[in-house]
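# Results of the structural survey
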Amino acid sequence: LAEEDVVVESTPTEVVESIHATLIECMKGTCGPDFQGRYDQILSQLDEGFDLPFMARISIGRAWKSLSPEQAREFVDLSRRYSAANYASNFDGYSDQYFETLGEEPAARGTILVKTEFVQPTDDNVKFDYRLRKTNGRWRVIDVTLDGKVSEMTLRRADYTSVIDRDGYPALVQAIQKKIDQYAS
């Protein structure tokens, strides 16, 4: 292996800090002046730092097993676009906010928890705890918990399975696409 071919593995903290750097840059407007610019930059960061296929599978619960391979691919892409739209909508203006990394600790099933805080000089700070696991030799985010109590995956799973149970998978796809469109407008 030539020296330039050596891949240095990112630590869980470095993965999270890279995500945060992208969010702050987008908030400052360097990703473009509008939603689409933020969305495009964040989407590429999510692909790099999150285990999106795993997160999609977990969020849809037992219904995953009944999806065709095409529907599974569609749902991973839909989840990916929804996450990017959510971040692009919520991280849209800058007024001296920053992320502070509070620490890293081992968690259940070989995962690592990276604890951080979003510091907002004009509002309450928000704690973001990222759970990461190794996927194909690289650390990837598999869940985000807000203020130590609201797991994004638990919330999505509850929402998604209730829609599927009540109205079926096509209704879930339609509902998520509608949310993406609302974030974009």
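The structure presented is a predicted model; accordingly, all values stated were derived computationally and were not measured.

### With respect to the packing of aromatic side chains
Considering all chains together, one arrives at 13 aromatic pairs under this definition. Here F91 and F128 contribute two aromatic rings whose centre-to-centre distance is 6.3 Å and whose plane-to-plane angle is 45 degrees, an arrangement assigned as tilted. Here F128 lies in strand β3 (residues 126-135) and F91 lies in the loop between α4 (69-90) and β1 (98-106), a separation of 37 residues in the sequence. The pair F91 / F128 is uniform in exposure class, with both members buried. Stacked on the ring of Y94, the Lys or Arg K28 has its end atom at 5.1 Å from the ring centre. For the cation-ring pair, R133 lies above F54, with the distance from its terminal atom to the ring centre recorded as 3.9 Å.

### Re the sheet that holds β3
By way of backbone hydrogen bonds, the strands of a sheet pair with one another, either parallel or antiparallel. Spatially, 5 strands are ordered β1-β2-β3-β4-β5 in an open sheet, and the strand pairing comes out antiparallel. The outermost strands of the open sheet, each flanked by one partner alone, are β1 and β5 (150-151).

Conventions we followed
- Residues numbered from 1 in each chain as written.
- Predicted model: local features only at pLDDT ≥ 70, side-chain atom pairs only at ≥ 80, totals over all residues.
- Heavy atoms only, no water.
- Phe/Tyr/Trp six-rings, centres within 6.5 Å; stacked < 30°, edge-to-face > 60°.
- Helix = DSSP H or I, 4+ residues; strand = E, 2+ residues; numbered from the N terminus.
- Buried < 20%, exposed > 50% of the residue type's maximum accessible area, 1.4 Å probe, protein only.
- Lys NZ or Arg CZ within 6 Å of the ring centre and 35° of its normal.
- Pairing = 2+ DSSP bridges.

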